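Residue-level structure breakdown
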Amino acid sequence: MIYSAEVQHMCSVAKGAYHGPAPIPEEGKWVQVKQISDVSGFTHGIGWCAPQQGCCKLTLNVKEGIIEEALVETLGCSGMTHSAAMASEILIGKTILEALNTDLVCDAINTAMRELFLQIVYGRSQSAFSEDGLAVGASLEDLGKGLRSQVGTMFATKAKGPRYLEMAEGYVTRVALNCDDLITGYEFINLGKMMDFIKKGDDANVALEKAKGHYGQFEGAVKYIDPRHE
C-alpha cells in the first residue's frame, strides 16, 4: 500500500463504531452481505442490445452466491438464440460476480445479467421474503407444461388493421370478426402440447386438432380470417 506524503504526515484519529452493511432480505432472512457467498435469491430481469433489435429475459436462481439455475429467453434476433444457448452453459456454476464480468456472448444477455445483479445484491429478488427461497427448477413453472416462452406477436397497418400472430396460448391460426370487422376472438394451436401428442404416437394432423383451442367470442363469428394470409 502506497500513501501520499500528505497522508503519511497526518496524525492518527480513531475510527468510530462500525455497524456493518445494512441487512437485506434474502429468502425469508435479513442478511448483512459482506461477500458474494452471502447472497442468495431467485429473480428475473430484462436486457437489450445496443441497436435494440432484440431483448433477453434472464431468470437466475442463486444459492450462496452460486448460480444454480438459469433460464435464458430471447426475442427479436436470430443470432441471439444461439447466444442464449452458449450463455446457458456459461452461467451455471459461476458466482454472480463472475457472471457479471463474463462475456455472455450477446449484449442483451449481458445487460440482463447486470440488471439481475443489481436486484439480487440490493435485496430486490423475487424470493426476498420466501423462506428458504425457491427450489432449483422453479423457472420452468413460468414456461408452463409445454415448456415454451410466453410470446406475443402482433402486426398491424393503418390500411389493413391488426393481425394476431401469436398469443400466450399459442400460434394463432384464425381470427374471428364480427359484422363491423372488429376482432372478437381467435383460434390457436398450443405447439408445446402438439409436440407432446406427436411424441406419444399421435398422427401429426390428429395432434394438431387436439392441441387447438380458442379464446373470446370465437364461435358463431360473422367471418374468420387467417392472420398470415388474408
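Quick look at the structure, then. Quantities reported herein were computed from a predicted structural model and do not represent experimental measurements.

Conventions used here
- Residues numbered from 1 in each chain as written.
- Predicted model: local features only at pLDDT ≥ 70, side-chain atom pairs only at ≥ 80, totals over all residues.
- Heavy atoms only, no water.
- Helix = DSSP H or I, 4+ residues; strand = E, 2+ residues; numbered from the N terminus.
- Buried < 20%, exposed > 50% of the residue type's maximum accessible area, 1.4 Å probe, protein only.
- Lys, Arg positive; Asp, Glu negative; His and termini not counted.
- Salt bridge = Lys/Arg side-chain N within 4 Å of Asp/Glu carboxyl O.
- Polar contact = N/O pair within 3.5 Å; in protein donor to acceptor, adjacent residues only side chain to side chain.
- Contact = heavy atoms within 4.5 Å.
- Axes fitted to C-alpha atoms, helices over the stretch in contact; angles between N-to-C directions.
- Parallel < 35°, antiparallel > 145°, perpendicular 65-115°, else oblique.
- Core = buried A, V, L, I, M, F, W, Y, C linked by side-chain atoms within 4.5 Å.
- Expected span 1.5 Å × (residues − 1).
- Arc of directions from axis to C-beta.
- Phe/Tyr/Trp six-rings, centres within 6.5 Å; stacked < 30°, edge-to-face > 60°.

This part covers the side chain of Glu69. Its location among the elements puts Glu69 in strand E5 (residues 66-75). Of the side chains bearing the opposite charge, Lys63 lies closest to the buried Glu69, which forms no salt bridge; the N-O distance is 7.7 Å. Here the side chain of Glu69 touches Gly137 through a polar contact of 2.8 Å, landing on its backbone nitrogen. Setting aside chain neighbours within four positions, we find Glu69 in contact with Phe42, Thr59, Leu60, Asn61, Ala135, Val136, Gly137, Ala138, Ser139 and Leu140.

Look at helix H2 (residues 78-91) against helix H4 (residues 107-121): their axes get within 9 Å of each other, and the N-to-C directions meet at 45 degrees. Here H2 lies oblique to H4, going by the angle between them. Mapping the contact onto sequence places Met80, Ser83, Ala84, Ala87 and Leu91 in H2 and Ala108, Ile109 and Met113 in H4.

Structurally, Cys56 is set in strand E4 (residues 55-63). Not counting residues up to four positions away in its chain, the partners in contact with Cys56 are Gly45, Ile46, Gly47, Val72, Glu73, Thr74, Ala108, Ile109 and Ala112.

The nonpolar side chains of soluble globular proteins are, as a tendency, buried together. Of all hydrophobic cores here, the largest spans 23 residues; its most connected members are Leu58, Leu60, Leu91, Ile96, Ile109 and Met113. Only E4, E5, H2, helix H3 (96-100) and H4 provide two or more residues apiece to this core. Ignoring anything within four residues of it in the chain, the contact list for Leu91 reads Leu58, Leu60, Ile67, Ala70, Val72, Ala99, Leu104 and Met113. With seven residues, the next largest nonpolar core counts Val175, Tyr186, Phe188 and Ile225 among its residues.

If you check H2, its first and last C-alpha atoms are 20 Å apart, about what 14 residues at 1.5 Å a residue would give, namely 20 Å. For H2, the full list of buried residues reads Met80, Ser83, Ala84, Ala87 and Leu91. Projected onto a plane normal to the axis of H2, the buried residues spread over an arc of 110 degrees and lie on a single side. Exposed residues lying more than 90 degrees from the buried face of H2 are Ser78, His82 and Glu89.

Take the side chain of Asn61 next. Secondary-structure assignment places Asn61 in strand E4. Residues in contact with Asn61, not counting those within four places in the same chain, are Gly41, Phe42, Ile66, Ile67, Glu68, Glu69, Leu134, Ala135 and Val136.

To continue, consider unusual backbone geometry. At Val105, a residue that is not glycine, the phi angle is positive and equals roughly 80 degrees. Inspection of the secondary structure puts Val105 in the loop between H3 and H4. Look at Val105 and you get partly exposed, because its relative accessible area is 36%. The backbone of Asp181 shows a phi angle near 60 degrees, a positive value even though the residue is not glycine.

Our focus in this paragraph is the packing of aromatic side chains. Two aromatic rings, taken as a pair, are described by how far apart their centres are and by the angle between their planes. Inspection of the entire model under this criterion finds five aromatic pairs. Look at Tyr164 and Tyr186: their rings are 6.0 Å apart centre to centre, the planes differ by 75 degrees, and that puts the pair in the edge-to-face class. Of this pair, Tyr164 sits in strand E7 (residues 161-167) while Tyr186 sits in strand E9 (residues 183-189), and the two are 22 residues apart along the sequence. Residue classification places Tyr164 among the partly exposed residues on the basis of a relative accessible area of 23%. Tyr186 gets classed as buried once you look at its relative accessible area, which sits at 5%. Ring centres 4.8 Å apart and planes at 50 degrees place the aromatic pair Phe218 and Tyr224 in the tilted group. When its relative accessible area of 5% is taken as the criterion, Phe218 is described as buried. Taken together, the ring pairs in this structure connect Tyr164, Tyr186, Phe188 and Tyr215 into an aromatic cluster.

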